[in-house]
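Reading the structure
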Amino acid sequence: MAGRVGFHSDLTTDIESPADEDGVHDSFSQLIEEQCHDHHDVMEMTSLELEEESRDDVMHLESPVYLRCDSEPQQTECLIEERWSSDTLKVLSSMPSRTIGRSRGAIISQYYNRTLQLRRRRQSRPSIQHFPRAARPSIRGHLVETDADELEEDDNKRERLVNNLQNLSGSDRVRMLRVMPLSLAEKKELRMLVLNKAEHSLSQSQIPCCSQLKYYIIIALRHGWYGWLSFLSSLQLWQTALKCVGGRFGTGVLSYFLFLRTLLFFNVFLFLVTGLFLVVPQAVVHPDRDQNTSVASLWGLEVLTGAGYFSDSLLYYGYYSHQTLQTKRRCSESINGTSCESGLSYNMPLVYFFTIGAAFFITCIILVYTMSKSFGQSFRIDKSKGLLAIKVFSSWDYKVSKKSSVRLQRANIGTQIKELVAEVNREELKFSVLQRLFRVFIHMVAWLMCLGSTLACVLAVFYFSEHMHKLQKDAETRSRAGTNPSGGVLLREASLLAVPVLVSGINLILPGFFNAVAWMEEYDSPSVLNYVSIGRNLLLKVSVLGVLCHHWLGRVASEPEKLGLQCWESFVGQELYRFLLMDFIFMLLDTFFGEFLWRLFSQKALKRKRKPVFDIARNVLELIYGQTLAWLGVLFSPLLPVVQIIKLLFLFYMKKVSLMMNCQASGKPWRASQMTTIFITLLCFPSFLGASVCVTYTMWTMKPSAGCGPFRGLKTMFQAGKLWVQELAAENPNLSWLASAHAYLVENPLFLFMCAVIFLIVIYFHSQVVDGQRKIIELLQEQIENEGGDKKFLITRLQDIHERKRVVSPRRIRGASEDSSCT
Amino acid sequence: MGNKQTIFTSQQLDAYQDCTYFTRKEILRLFHRYRDLAPQLVPLDYTAGPDVRLPYELIGSMPELKDNPFRQRIAEVFSEDGEGNMTLDDFLDMFSVLSEMAPRDLKAYYAFKIYDFNNDDFICRSDLEKTLNRLTRNELTEDEVRMVCEKVIDEADLDNDGRLSLEDFQHMIVRAPDFLSTFHIRI
């Protein structure tokens, strides 16, 4: 620890000190002596002095030697040596900082202070009667306790705490009550006192009826809130399953399942929004079917390809109407002809546009909020020191309840502690230049291999998709020309599955290859290895998705008629459905082959005792990939979240069963909260951001197909909003400012650019503030260390004085007795 | 909010809700877990606030705590009599602090008390040694244990008195992001 104050032996004759220390510190000695005489404790001391001295071994109390703690290992406990007299120890133990948390009284004082601060923050003007006497709050808060006044002080403090609590608002009071580290019985008592007092004051004062009403409303609202929380908690999905997994495998693997549950909730939210606003109205009012689409229904393949029967259903974009839906209420005949009173009108294109926009916006807000909360908890202004202490005190996972897992956890922690100690003790390994170069070379080779294989796969996907695209175009021209396509409809449908199969296969095989490559490298710590493997996998998935987006938006959407498509959006929706489904099927296969068969193989053939380990990072990245596909597809297929929900539900149970049967807990440390933060960040940044950029690009620039969907006839999907605003302005001249605002603000890129610049500046300012706070923390730590040094100094001086007095007084007594004996 | 249950009065339930991090349903579920440990000792009617104390052996036999090396300390810290015999209040308090929603400071306070084996409000070297032995039974040699204890005190002790006070402990826990997720029992 930097900045420890070092004392050298025998302060009184310290030749290294610049000034004569006795002279300089003499004033302190006097102060200390005065304090000694004034203080209640010390009166006890002086009265019992003579008795205690006989007990204290004078020889034992040499002049205190306070060496630097690490100079001689035996003297680490500098301040709790038995050499201190019992008086010094008494003073030591009643120092304010030592009484925090020790007794109920101290806790009550501490919380009295905190509630006072909270009240002051909430109110603008604190009431005078609640001001503490002018004194240093830290001393005031932690009064030194003496036996005689303890009960009285306790009641007094409690009374004041109850006062404070009563004056807080309801939710603050509950929060304070819960946070106090008192036993439940005492908390209930405090609460009762507070409520009685509140009732008492209420009944006493003449409250006008409206604030009494407000009081009752607030109580009713709180009851309602608790009821809602109860309901929400009863909806806890998979509580027992998660407990089981956590009990056996610990927090690391549990975080995967919790992440799955989070994704499920996102999809349920998406489904509710699109279902309520898009699917239900459209299902209720059937669209005008102006095309007779004869569809070959091949039941088996349809579920896989999403085409056929499904292609003209609610599942896809093409089904949705472009007109304002009207529910016809009454048609009455009159002279002029039948006139139908239109009921509710529902502007489908506008609603579609706004629903998708709102769904994405709300998902963005929830994601950013979750991410920032997670960040706040797990990333601290971290110094690298203190790792061992943190490991000892926070690595035992209390959730683990199975005996074998407990044993395993013990072994793990033991290994990690040993590693840390060894790391701390050994000196910097000086690798020779050759060895270092060799390691760098190996790393470079590994990275080249990974990047090369990624590039190869991406190019494969690119050219293969182009090839399939060409094949389909040829088949289309042939069918239009009248010649029968070779192979029939079945082959044509099945060929739609080719690209998804290729992509899922790549996603399955390549991470395994990356693992093998990483095995030959040597990393300094397992967490670096984790990050590197996550980075490589992420790069692969991002590039594959990028190529696919280019294929859909660049090739398919730009020339839909070459493929014979009436509706390119429905086609893209179908593609995404196929990708999602193939991903699920391949995950099933991977679980079966990767985990089950591998376990059988490794146990029977390789005769290994340990089962395979559940690869958390890889599975989580798979989940993120699937969710990106779902987000990309919501625009083109409003019911895609349903598919994702079904897939996630199946996946949960499948993975859980496979985990229980085939895997065991890992021996490597897994920093769960940091990893969870990273996963949420990955979900937000490449995944959600990429999907929303794609969707925004589609809405902003792509021309919707003229034959289907809610945006037919418009130049871009975005125009729906613009036209509506113009319509509003036309109908109601007062709203013309809305139209011009829309034209200048939303469509003008300069405005958006300015917004982005302002955000960046705000972020920069905040990061500077964080830097400044980090410096302040360092300064404060130094200050604490210096205070510690001061404390030590004062105590040793106190001891010194006490000794000198004792040395004097026995002499005096002896002298007196001698005198008396002499005379 | 049908008040069909007759175990607690609604005021009692409100008090429990305000003082712990549990909702009504969870409190009732926990009561039934408590009762299942000793159905003949625990009455079904708590409206009169009976003084029922379950001995430590029953608490320590719960599946969540059975194999936890710190179960005895946990029970001692949360029990009123300091011996591990828990009333319903102590039981609820224990699981409330160990639940997901308890804040870091509260958990750090109780974790400190758990690791303070001799109850002197400081984690001294002997406390640390006992903690290490429970954490890693037979994994570390004597020398290693001694070295680890020294290093830990060196790292965490801010005011240089050779042992960890509550403040030192809390200061260290602030820098341990995993603490919130590991000091957690799901019930």
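The model shown is predicted, which means the values in this text are computed figures rather than measured ones. (Residues numbered from 1 in each chain as written. Chains lettered and ligands numbered in written order. Predicted model: local features only at pLDDT ≥ 70, side-chain atom pairs only at ≥ 80, totals over all residues. Heavy atoms only, no water.)

**Details of the overall build of chain A**
Of the regular secondary structure elements, chain A holds 26 helices and two strands. The buried share of chain A, reckoned over its 823 residues, is 42%. Within chain A, contacts between residues at least 6 apart in sequence are counted, and of these 77% link residues at least 24 apart. Entry remark: accessible area of chain A is about 45,600 Å², with carbon and sulfur atoms responsible for 63%. (Helix = DSSP H or I, 4+ residues; strand = E, 2+ residues; numbered from the N terminus. Buried < 20%, exposed > 50% of the residue type's maximum accessible area, 1.4 Å probe, protein only. Contact = heavy atoms within 4.5 Å. Areas by Shrake-Rupley, 256 points an atom, 1.4 Å probe, with all protein chains shown as cover.)

**Examining the overall build of chain B**
When helices and strands are counted, chain B shows 10 helices and zero strands. In chain B, the succession of helices and strands from N to C terminus is α-α-α-α-α-α-α-α-α-α. Expressed as lengths along the three principal axes of its C-alpha atoms, the size of chain B is roughly 60 × 30 × 25 Å. Per-residue burial over chain B gives 63% buried out of 187 residues. A separation threshold of at least 6 residues defines the contact pool for chain B, and within that pool the share at least 24 residues apart is 56%. Summed over all atoms, the accessible surface of chain B reaches about 7,100 Å², with 47% contributed by carbon and sulfur. Of note, chain B has its 22 positive side-chain charges centred 6 Å away from the centre of its 36 negative side-chain charges. (Lys, Arg positive; Asp, Glu negative; His and termini not counted. Charge placed at Lys NZ, Arg CZ, Asp CG, Glu CD.)

**Focus on a nonpolar patch on the surface**
Residues and elements named next belong to chain A. Where nonpolar side chains cluster on the molecular surface, the patch consists of Leu750, Phe753, Met754, Val757, Ile761, Tyr764 and Phe765 and spans about 730 Å² of accessible area. Here Phe753 lies in helix α26 (residues 749-822). By relative accessible area, which is 52% here, Phe753 ends up exposed. (Patch = residues over 30% accessible without salt bridge, like charges linked within 9 Å, V, L, I, M, F, W, Y side chains within 5 Å. Salt bridge = Lys/Arg side-chain N within 4 Å of Asp/Glu carboxyl O.)

**A word on the interface of chain B and chain A**
By a widespread convention, an interface's size corresponds to the accessible area lost as its parts come together. Of the residues lining the interface, 79 residues belong to chain B; the matching set on chain A comes to 77 residues. When residues of chain B are sorted by the area they lose upon contact with chain A, Asp18, Arg175 and Arg186 of chain B head the list and together hold 11% of the total. Counting across the chain B and chain A interface gives four salt bridges. For Arg191 of chain A, the salt bridge is made with Asp18 of chain B, and the minimal N-O distance between the two is 2.8 Å. Counting across the chain B and chain A interface gives 18 residue pairs in polar contact (both at pLDDT 80 or more). Breaking the side of chain B that touches chain A down by element, the ones donating at least two residues are α1 (10-19), α2 (24-37), α5 (88-97), α6 (104-115), α7 (125-135), α8 (142-156), α9 (166-174) and α10 (179-182) of chain B. For the side of chain B that touches chain A, the residue count by class is 39 nonpolar, 12 polar and 28 charged. (Buried area = accessible area lost by both parts, 1.4 Å probe. Polar contact = N/O pair within 3.5 Å; in protein donor to acceptor, adjacent residues only side chain to side chain. Nonpolar A, V, L, I, M, F, W, Y, C, P; charged D, E, K, R; others polar.)

**Considerations on helix α4 (residues 71-78) of chain B**
Listed in full, the buried residues belonging to α4 of chain B are Arg73, Ile74, Ala75, Val77 and Phe78 of chain B. Buried-residue contacts for α4 of chain B involve α3 (56-59), α5 and α6 of chain B.

**Side note on the UniProt feature "domain: EF-hand" (unreviewed entry) in chain B**
Residues and elements named next belong to chain B. The UniProt entry lists residues 103-138 and 144-179 under the feature "domain: EF-hand" (unreviewed entry), expressed in the numbering used here. Regarding residues 103-138, the helix share stands at 64% and the strand share at 0%, and the terminal C-alpha atoms are separated by 33 Å. Counted over residues 144-179, helix gives 64% and strand 0%. Its end C-alpha atoms are 24 Å apart. (UniProt positions renumbered as here; feature names shortened; annotations may be inferred.)

**Here's the deal with the packing of aromatic side chains**
Inspection of every chain in the model, using the stated rule, returns 39 aromatic pairs over all chains. Here the aromatic rings of Phe462 of chain A and Tyr463 of chain A are separated by 5.3 Å at their centres, their planes lie at 75°, and the arrangement is edge-to-face. Classification of Phe462 of chain A as partly exposed rests on a relative accessible area of 23%. One aromatic cluster is present, formed by Phe393, Trp396 and Tyr398 of chain A together with Phe70, Phe112, Tyr115, Phe169, Phe179 and Phe183 of chain B through successive ring pairs. Between Arg536 of chain A and the ring centre of Trp447 of chain A, over which it is positioned, the NZ or CZ distance is 4.4 Å. Over the face of the ring belonging to Phe117 of chain B we find Arg73 of chain B, whose NZ or CZ atom lies 5.6 Å from the ring centre. (Phe/Tyr/Trp six-rings, centres within 6.5 Å; stacked < 30°, edge-to-face > 60°. Lys NZ or Arg CZ within 6 Å of the ring centre and 35° of its normal.)

**Looking at the nonpolar core**
Across soluble globular proteins, nonpolar side chains have a tendency to be buried as a group. Formed by 111 residues in total, the largest nonpolar core has its most connected members in Tyr256 and Phe259 of chain A. Per-element tally for this core: the top contributor is helix α11 (residues 251-284) of chain A, with 13 residues. Counting residues in each nonpolar core, the second largest holds 95 residues, with Leu118 and Leu182 of chain A together with Phe112 and Leu135 of chain B among its members. (Core = buried A, V, L, I, M, F, W, Y, C linked by side-chain atoms within 4.5 Å.)

**A look at the packing of helix α14 (residues 387-394) of chain A against α8 of chain B**
One way to put it is that α14 of chain A packs onto α8 of chain B with a least axis distance of 8 Å and a crossing angle of 110°. As judged from the angle between their axes, α14 of chain A and α8 of chain B are roughly perpendicular. From α14 of chain A, Leu387, Leu388, Ala389, Val392 and Phe393 of chain A reach across to α8 of chain B, where they touch Val148, Lys151, Val152, Glu155 and Ala156 of chain B. Looking at the contact of α14 of chain A with α8 of chain B residue by residue, the classes come out as eight nonpolar, no polar and two charged. (Axes fitted to C-alpha atoms, helices over the stretch in contact; angles between N-to-C directions. Parallel < 35°, antiparallel > 145°, perpendicular 65-115°, else oblique.)

**Description of the state of the cysteines**
Residue and element names in this part refer to chain A. Applying the stated criterion across every chain yields a total of zero disulfides over all chains. Cysteine Cys364 shares no disulfide, and the gap to the nearest cysteine sulfur, in Cys684, comes to 6.1 Å. Residue classification places Cys684 among the buried positions, given a relative accessible area of 5%. (Disulfide = S-S within 2.5 Å.)

**Comments concerning unusual backbone geometry**
All names here are of chain B. Of note in the backbone geometry, Asn119 takes a positive phi value of approximately 55° without being a glycine. Mapped onto the secondary structure, Asn119 falls in the loop between α6 and α7. One non-glycine residue, Asp121, lies in positive phi territory at about 65°. Relative to the elements of secondary structure, Asp121 occurs in the loop between α6 and α7.

**What about the packing of helix α18 (residues 498-520) of chain A against helix α19 (residues 526-556) of chain A?**
All names here are of chain A. The contact between α18 and α19 brings their axes to 10 Å, and the two run at 160°. Relative to α19, the element α18 lies roughly antiparallel. Of the two elements, α18 crosses α19, and the hand of that crossing is right-handed. Between α18 and α19, the contacting residues are Val499, Val503, Ile506, Asn507, Leu510, Pro511, Phe514, Val517 and Ala518 on the first element and Leu529, Arg536, Asn537, Leu540, Lys541, Val544 and Leu548 on the second. (Left-handed = near helix turned anticlockwise from the far one by under 90°.)

**A few points about the pattern of salt bridges**
Going through the model one piece at a time under the given rule, you end up with 24 salt bridges over all chains. A salt bridge links Asp89 of chain B to Lys188 of chain A; the nearest nitrogen and oxygen atoms lie 3.3 Å apart. Taken together, the residues Asp89 of chain B in helix α5 and Lys188 of chain A in helix α8 (residues 184-204) connect one chain to another. Taking the relative accessible area as the measure of exposure, Lys188 of chain A reaches 23% and is therefore partly exposed. If you follow the salt bridges from partner to partner, you end up with Lys243 of chain A together with Arg33 and Glu64 of chain B in one network.

**Re the confidence of the model for chain B**
It should be kept in mind that the predicted coordinates are not to be read in detail where pLDDT is low. With 98% of its residues at a pLDDT of at least 70, chain B reaches an overall mean of 88. ipTM for the predicted complex: 0.92, alongside a pTM of 0.73. (pLDDT = per-residue confidence, 0-100.)

**Observations regarding the confidence of the model for chain A**
Residues and elements named next belong to chain A. When pLDDT is averaged along chain A, the result is 75; 72% of the residues meet or exceed 70. Mean pLDDT in chain A bottoms out at helix α5 (residues 137-141), which sits at 33, and peaks at helix α21 (residues 616-633), which reaches 92. Note on residues 38-82: pLDDT is under 50 here. Beyond four places in sequence and across chains, it has 69 contacts.

**Looking at the environment of Phe360 of chain A**
Residue and element names in this part refer to chain A. Mapped onto the fold, Phe360 is located in helix α13 (residues 348-378). When the C-alpha positions of Phe360 and Val695 are compared, they lie 9.6 Å apart, and in sequence the two are 335 residues distant. Filtering out sequence-adjacent residues up to four positions away, Phe360 remains in contact with Trp631, Phe688, Ser692 and Val695.

**Some thoughts on the side chain of Lys655 of chain A**
All names here are of chain A. Looking at the secondary structure, you find Lys655 in helix α22 (residues 640-662). By relative accessible area, which is 1% here, Lys655 ends up buried. Polar side-chain contacts of Lys655 include one of 2.9 Å to the side chain of Asn619. Residues within four places of Lys655 in sequence aside, it is in contact with Tyr256, Phe257, Thr591, Glu595, Phe614 and Asn619.

**Concerning the environment of Ser602 of chain A**
Along the chain, Ser602 of chain A falls in helix α20 (residues 568-605). According to the relative accessible area criterion, Ser602 of chain A is buried, its value standing at 2%.

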